[in-house]
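Below, each chain spelled out in residue letters.
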Amino acid sequence: MAKEKDFVKEITPQSEDFSRWYIDVITKADLMDYAPVRGCIVFKPDGYELWEACQRELDRRFKETGHRNAYFPLLIPESFFQKEKEHVEGFNPELPWVTQVGDDNLEERLAVRPTSETIFGYMYSQWIQSYRDLPLLINQWANVVRWEKRTLPFLRTSEFLWQEGHTAHATAQEAEEETKRMLEVYTDFCETELAIPVIQGQKTPSEKFPGAVATYSLEAMMKDGRALQAATSHYLGDNFARSFDIQFLDKDNERKFAHTTSWGMTTRIIGALIMVHGDDRGLQLPPRIAPTQVIVIPIGPAKTRERVLTAADAIVHTLKVAGVRVKMDASEDNSPGWKFNEYEMRGIPIRLEIGPRDLDASQVVLVRRDTGAKEATPIENVAQHVQDLLTTIQNSMYETALAFQEGRSQKVESVEALHHVVREEKGFALAGWCGDDICESQIKNETGATSRNIPFSPPATMDTCVVCNQPAKHTVWFARAY
RNA sequence: CGGAAUGUAGCUCAGCUUGGUAGAGCGCACGGUUCGGGACCGUGAGGCCGCAGGUUCGAAUCCUGUCAUUCCGACCA
């Protein structure tokens, strides 16, 4: 309907131009603003609040799995980067350097950290003496800088926020288990809190973290069918232990190198949240992560106002006591209709309307952001009803996202078919791969799609390489990626 | 970092071709009427036209440079 379209002004429809839709939404919903330095953004309160909610839920999970937080320095000596060859090659192009203090040159340049494996490695080498010091399980919440050529708010900014976990273990097996454990933690976070279905898998050698033995990732599908890496977890073997001399005396009185891991999730996940759930009306936040779960909108002319507000206040109180994150917009500056659209645009899961007609019937009206469904419910059990509805919405949003992802994913047996799936149908393509870098890069050159990961549980096993028709060593998801 | 486009009021944009008083809608402030899907009337505030040079009697307008944003490529979370 034409009328439908008028609900949200100034947001470009997704079908017309997804990129513009994304920029429109994050701007109109007041999540961020551009900063004066290229590629840098301000995380405005409404955007930062989303990150805080992610931090809260992730941090809880990290602590439950035995990790503790610490904070390591922003500046890292140049010599540290030289110690791990792949690592320095991987990050060198995007490192900003501090070379001067006042008018004096520094003896040694200091990198603004792009990631902290090196400085963790250095410190760990000093802290670890005995197998009794292991495992060492530390996480840090920090900002990092990577001077990317092309930036996009939340998805790729010059400076971003993240957490990075760094652990050291006595054996390879323990370290590998840690790597997988944290991948599970991220999976649970994405699926339970963000209602984002993810694909667990291992990165191909060309896509793995510089310096890692194995990199695992979670891949999520955005509404334009492109992939976004939601989290990574790396098994570093003893590469960094050897570079930084992290050794310990084991039970058998032998000196051994520790095995280390690292794993991270970034503010990019906010972009995923927006692009997985958002629609032409704006944001759509899953209840469990939504900073505000219910917006109460009192309705009615001045003569009934006091009566409505008194009842609305009581409902807000009831909901708060029940643990619901609720806010009321009782301002008289805007009409109810304006507020309806505004809070839908901001993605608040439930709108609670209350007006004189409701009071007469001892009810309120609840409206779901995800489906638009309206229902009246008696005031007396509103808290229980709201909580049930929040759970319903959370589950429904996950199911919707999962159905979308599965509907846009398919097996392919030729490069042409792969091209068609990722460019025309805009989805993920599952293909066999012989394991040769040349075949992998040919796919990238011809289709623009990259290997996302080798899934742990593929929906099918592919027998031959999609490029060379040799027997496939792996079944791989390919997609265009952010 | 290459290719393209765009920078004028808080936002969306017109004006630029053909140089000569800075514009509209929305938003904002004040007053009033309204209030169940972006209400209306009246009054008003708000701009070194991204920045720096140049051409010119005179530049938002022409030229050069620069910075930023968006899109497309190569690099990445």
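Rules of the game
- Residues numbered from 1 in each chain as written.
- Chains lettered and ligands numbered in written order.
- Predicted model: local features only at pLDDT ≥ 70, side-chain atom pairs only at ≥ 80, totals over all residues.
- Heavy atoms only, no water.
- Helix = DSSP H or I, 4+ residues; strand = E, 2+ residues; numbered from the N terminus.
- Rg over C-alpha atoms; globule rule 2.2 N^0.38 Å.
- Buried < 20%, exposed > 50% of the residue type's maximum accessible area, 1.4 Å probe, protein only.
- Contact = heavy atoms within 4.5 Å.
- Lys, Arg positive; Asp, Glu negative; His and termini not counted.
- Charge placed at Lys NZ, Arg CZ, Asp CG, Glu CD.
- Phe/Tyr/Trp six-rings, centres within 6.5 Å; stacked < 30°, edge-to-face > 60°.
- Lys NZ or Arg CZ within 6 Å of the ring centre and 35° of its normal.
- Pairing = 2+ DSSP bridges.
- Axes fitted to C-alpha atoms, helices over the stretch in contact; angles between N-to-C directions.
- Near = heavy atom within 4 Å.
- Polar contact = N/O pair within 3.5 Å; in protein donor to acceptor, adjacent residues only side chain to side chain.
- Nonpolar A, V, L, I, M, F, W, Y, C, P; charged D, E, K, R; others polar.
- pLDDT = per-residue confidence, 0-100.
- Salt bridge = Lys/Arg side-chain N within 4 Å of Asp/Glu carboxyl O.

### What to know about the overall build of chain A
The helix and strand tally for chain A stands at 15 helices and 23 strands. Against the 2.2 N^0.38 benchmark of 23 Å for 482 residues, chain A shows a C-alpha radius of gyration of 25 Å, consistent with a compact globule. If one aligns the C-alpha atoms of chain A with their principal axes, the spans along those axes are about 80 × 55 × 50 Å. Counting over 482 residues, chain A shows a buried share of 54%. At a minimum sequence separation of 6, the contacts of chain A that also span at least 24 residues come to 70%. For chain A, the distance from the average site of its 55 positive side-chain charges to the average site of its 71 negative ones is 3 Å.

### Points about the environment of Thr171
Residue position: Thr171 is located in the loop between β8 (159-169) and α7 (172-193). Separated by 11 residues in sequence, Thr171 and Met182 place their C-alpha atoms 17 Å apart.

### Some remarks on the packing of aromatic side chains
All chains considered together, the criterion is met by 18 aromatic pairs. Consider the rings of Phe18 and Trp21, whose centres lie 5.1 Å apart with planes at 35°: the pair is tilted. Of this pair, Phe18 and Trp21 both sit in helix α2 (residues 18-28), three residues apart, roughly one helical turn. Overall, the relative accessible area of 11% leaves Phe18 in the buried class. Residue class for Trp21 comes out buried when judged on its relative accessible area of 0%. Three or more aromatic residues joined by ring pairs form one cluster here, namely Trp51, Phe62, Trp141, Tyr186 and Trp263. For the cation-ring pair, Arg109 lies above Trp97, with the distance from its terminal atom to the ring centre recorded as 4.1 Å. Sitting over the ring of Phe456, Lys180 keeps its end group 5.7 Å from the ring centre.

### Looking at helix α11 (residues 336-345)
Summarising burial for α11: seven of the 10 residues are buried, a large majority. Among all positions of α11, only Lys339, Phe340, Asn341, Glu342, Tyr343, Glu344 and Met345 are buried. Those residues of α11 that are buried lie in contact with α2, β15 (294-298) and β17 (350-354). After α11 finishes, the residue Gly347 shows a positive phi value of roughly 85°.

### Concerning the sheet that holds β15
Adjacent strands of a sheet pair through backbone hydrogen bonds, lying either parallel or antiparallel. Here we have five strands laid out as an open sheet, ordered β16-β15-β17-β18-β19, and mixed in their pairing. Each end of this open sheet is capped by a strand with a single partner; those strands are β16 (326-328) and β19 (374-378). Adjacent strand axes in the sheet meet at a mean angle of 25° when their direction is disregarded. Lying on the sheet, helix α10 (residues 302-321) is in contact with β15, β16, β17 and β18 (363-368); it crosses β16 at an angle near 165°. Packed on one face of the sheet, α11 meets β15 and β17 and runs near 175° to β15.

### Digging into the protein's contact with RNA strand B
Taken together, 48 residues surround RNA strand B, and among them Thr157, Gln229, Arg268, Trp338 and Asp358 come closest. Here the atoms of RNA strand B within 4 Å of the protein split so that 46% fall in sugar or phosphate, with bases taking the remainder. Gln229 is positioned such that a nitrogen or oxygen atom in its side chain is 2.4 Å from a sugar or linking oxygen of RNA strand B. Arg351 has a polar side-chain atom sitting 2.6 Å from a base oxygen of RNA strand B. Elements with a minimum of two residues in the surface near RNA strand B: α2, α11, β17 and α12 (356-360). In terms of residues, the surface near RNA strand B owes the most to one element, α11, which gives seven residues. Here the surface near RNA strand B is built from residues that sort into 16 nonpolar, 11 polar and 21 charged.

### Observations regarding the confidence of the model for chain A
The share of residues in chain A with pLDDT of 70 or more is 98%, and the mean pLDDT across the chain is 95. pLDDT under 50 marks residues 1-7. Its contacts with residues more than four places away, or in other chains, come to four contacts. Among the scores for the predicted complex, ipTM is 0.93 and pTM is 0.96.

### Here we look at the pattern of salt bridges
With the rule as written, the count across this model stands at 29 salt bridges. Note that Arg60 is salt-bridged to Glu57, the shortest N-O span being 2.8 Å. With a gap of three residues between them, Arg60 and Glu57 both fall in helix α3 (residues 45-64), about one helical turn apart. Residue classification places Arg60 among the partly exposed residues on the basis of a relative accessible area of 38%. For Glu57, a relative accessible area of 10% gives the class buried. A salt bridge links Arg351 to Glu344; the nearest nitrogen and oxygen atoms lie 3.0 Å apart. It is possible to trace a salt-bridge network through shared partners that takes in Arg56, Glu57, Arg60, Arg61, Glu64, Asp188, Glu193 and Arg288.

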